[in-house]
Amino acid sequence: MMKKKINILIIASVAALITLSTIQYYLISNTFQLKKDTFIKEVKSQLKFIEVNERLESLDDSYNELITDVLENYHNGVLPKEKLLAKVKTFNDSLNEKFETYFKNTLKEKSFPYVVNFQEQIVSAVILHPAGNDTILSPKSKGILLFGSTLDPKTRIDFNANQWSSNSLSEDDNNMLEANRSLHFEIRSNSYIDIPEWRSEVLRQMTGLLFLSVISILTVILLFIYALSSFIRQKKVADIKTDFINNITHELKTPLATLSVATKTMQKETVLTDSKLLSATVQTVDRQRSRLQNLIDQVLNNSLGFKDITLKTETVSSKELLHNLVIDFKLTNTEIQITTEFEKNDTTLVIDKFHMTTALLNVLDNAVKYGGKSIMVSSKKDGNNFQVAIQDDGIGIARGKQEKVFEKFYRVGNTDIHTTKGLGLGLYYVRQIVKAHRGIVDLESKVGEGTKIYINIPIQGA
Ligand code: ADP
């Protein structure tokens, strides 16, 4: 139910995020296009000087002269077509040198901020004749380079299209008008520009916008992740609390039930006169009281984090500590087989004896509670590290749960609380205490084979 809700939430949010990003992308690419157009328009208007009218007079004049000359020769049959074209090409090349210098100098004068390349290409040339037009250069051909350099058709941008005809040429020059009256021709040229840096320039203009939109999308994503994770965390805390309340009610019920049986027993006359029975019942009452006390202590102890625990440290002999621990444990767990394998040399530990003993007892209790029939307690000294390991042959802990068992209130298979009692605080307490001693707890376990818990604490002053 909850999982379904979370899934719906995730799907809805992801869909909204995708839509948002798509809209952002659309808006940004539109802006990019707009900025690009404006940029190119601006550059074009600054490059107006290349256009025919403003071009160096001398260039145009020499060109007109040549063209008229060669076309006439061609028309009169003096010059074959190939020679004509070759002549035009050579002439173009010599003119182009002049043009390039002029182009570069003008750009420098204007202190134009970008690299611009220019190309003007003669695309067609036709002699117009009443008896039929003579196409010298067809629009389908590659054309002839007039000015500038050959640009990549993929990146070049259209700049202008020009057309000269004999009429427009001869109008300027009266002498020519006389000479060329019989010859009419039409030449078309296209010009292009190429600004290699246009993309980076447009993007530079858009950096602010791009930055803001990336930041806003990232913020939305982070907020979403944060909201979702805190939602899941709260849900987990709520679950844990419910489990804890279930567990503690169960734990409290048993001693209370025993206590009520005991008090009922004590109200009977026969019991009051039988001192043996009475003392047995009083002992039961006391045991249940201490159980309740224990439970309350556990809850109180565990409301503290390891940073809040103040240790009452003292020097303790490792041998004595472990020896007493095992002897006491054997007294209450007679049916369990305990073997020990302690380090030969005694180690002096600086620890809080009470807390450390409780922690070790928690681990031993768990070993029995979770199916252990024989338990091995061993110790080892390794440099500045003292290690106690407690191994059982119980039910084991599945791999995925192994890290979690140290969490507060965590219990494996919380549903069968009736088979084994607990609050899920035992190992949490162990970890807090070991951490307070600046040590590390660790475990190795295999389902069905058993569990081995390692407690490592630094030997102080060593
Ligand atoms: P509790 O024993 O009160 O449930 P603990 O914090 O001591 O809480 O242990 C957490 C869980 O880890 C237990 O519920 C149990 O499932 C698992 N566990 C702890 N020790 C062992 C062990 N020796 N063998 C198998 N499972 C264990």
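Above this text sits the structure in question.
This structure is a prediction, so every number in the text was calculated from the model and none was measured.

Draft legend 1. Seen up close, a nonpolar patch on the surface. A cluster of nonpolar residues, Leu-9, Phe-231 and Ile-232, forms a patch on the protein surface that exposes about 230 Å² of accessible area. Turning to its location among the elements, Ile-232 is positioned in helix 7 (residues 207-267).

Draft legend 2. Here's a closer look at the nonpolar core. If you look at the biggest cluster of nonpolar residues, it comprises 45 residues, and the most contacted ones within it are Leu-47 and Ile-193. Ranked by residue count, the leading element in this core is helix 3 (residues 81-109), at seven residues. Dropping the residues within four chain positions of it, Leu-47 is found in contact with Leu-107, Phe-112, Val-116, Phe-159 and Ile-193. Ile-338, Leu-349, Met-356 and Ile-457 belong to the second largest nonpolar core, which has 36 residues in total.

Draft legend 3. Broad picture of the pattern of salt bridges. Applying the stated rule across the entire model yields five salt bridges. Across the salt bridge formed by Lys-235 and Asp-239, the nearest N and O atoms sit 2.8 Å from each other. With Lys-235 and Asp-239 both in helix 7, this residue pair falls four residues apart, about one helical turn.

Draft legend 4. Layout of the pairing of strand 2 (residues 134-137). Relative to strand 2, strand 1 (residues 117-128) runs antiparallel, the two being bridged by three bridges. Looking across to strand 2, one finds that Ile-127 is bridged to Asp-134. Counted between consecutive antiparallel strands, the loop separating strand 1 from strand 2 contains five residues, among which Gly-132 sits at a positive phi close to 140 degrees.

Draft legend 5. Seen up close, the packing of helix 11 (residues 353-369) against helix 12 (residues 426-436). Packing of helix 11 against helix 12 brings their axes to within 9 Å, and their N-to-C directions diverge by 145 degrees. Here the hand of the crossing between helix 11 and helix 12 comes out left-handed. Contact residues: His-355, Met-356, Thr-358, Ala-359, Asn-362, Val-363 and Asn-366 in helix 11; Gly-426, Leu-427, Tyr-429, Val-430 and Ile-433 in helix 12. A class-by-class count of the residues in the contact of helix 11 with helix 12 yields seven nonpolar, five polar and no charged.

Draft legend 6. The arrangement of the packing of aromatic side chains in detail. Applying the stated criterion across every chain yields a total of nine aromatic pairs. On the basis of an interplanar angle of 85 degrees and a centroid distance of 5.8 Å, the ring pair of Phe-112 and Tyr-114 is categorised as edge-to-face. With relative accessibility at 18%, the residue Tyr-114 sits in the buried group. Three or more aromatic residues link up through ring pairs in this structure, and these residues are Phe-99, Tyr-102, Phe-103, Phe-118, Phe-147 and Phe-159. The ring of Trp-198 is capped by Lys-36, whose NZ or CZ atom sits 4.7 Å from the centre of that ring.

Draft legend 7. Structural detail: the site of the ligand. Among the 19 residues in the neighbourhood of the ligand, the closest are listed as Asn-366, Tyr-370, Asp-392, Arg-411 and Leu-427. A distance of 2.8 Å separates a nitrogen atom of the ligand from a polar atom in the side chain of Asp-392. Protein contact buries 96% of the 530 Å² of open area that the ligand shows by itself. Most atoms of the ligand, that is more than half of them, are within 2 Å of grid points of the largest pocket. Residues that form the shell around the ligand fall into these classes: ten nonpolar, six polar and three charged.

Scoring rules and cut-offs
- Residues numbered from 1 in each chain as written.
- Predicted model: local features only at pLDDT ≥ 70, side-chain atom pairs only at ≥ 80, totals over all residues.
- Heavy atoms only, no water.
- Patch = residues over 30% accessible without salt bridge, like charges linked within 9 Å, V, L, I, M, F, W, Y side chains within 5 Å.
- Areas by Shrake-Rupley, 256 points an atom, 1.4 Å probe, with all protein chains shown as cover.
- Salt bridge = Lys/Arg side-chain N within 4 Å of Asp/Glu carboxyl O.
- Helix = DSSP H or I, 4+ residues; strand = E, 2+ residues; numbered from the N terminus.
- Core = buried A, V, L, I, M, F, W, Y, C linked by side-chain atoms within 4.5 Å.
- Buried < 20%, exposed > 50% of the residue type's maximum accessible area, 1.4 Å probe, protein only.
- Contact = heavy atoms within 4.5 Å.
- Pairing = 2+ DSSP bridges.
- Axes fitted to C-alpha atoms, helices over the stretch in contact; angles between N-to-C directions.
- Left-handed = near helix turned anticlockwise from the far one by under 90°.
- Nonpolar A, V, L, I, M, F, W, Y, C, P; charged D, E, K, R; others polar.
- Phe/Tyr/Trp six-rings, centres within 6.5 Å; stacked < 30°, edge-to-face > 60°.
- Lys NZ or Arg CZ within 6 Å of the ring centre and 35° of its normal.
- Near = heavy atom within 4 Å.
- Polar contact = N/O pair within 3.5 Å; in protein donor to acceptor, adjacent residues only side chain to side chain.
- 1 Å grid on protein atoms, 1.4 Å probe; cavity = no way out; pocket = protein on both sides within 12 Å on 5 of 7 lines; lining within 4 Å.
- Sits in = over half its atoms within 2 Å of the grid points.

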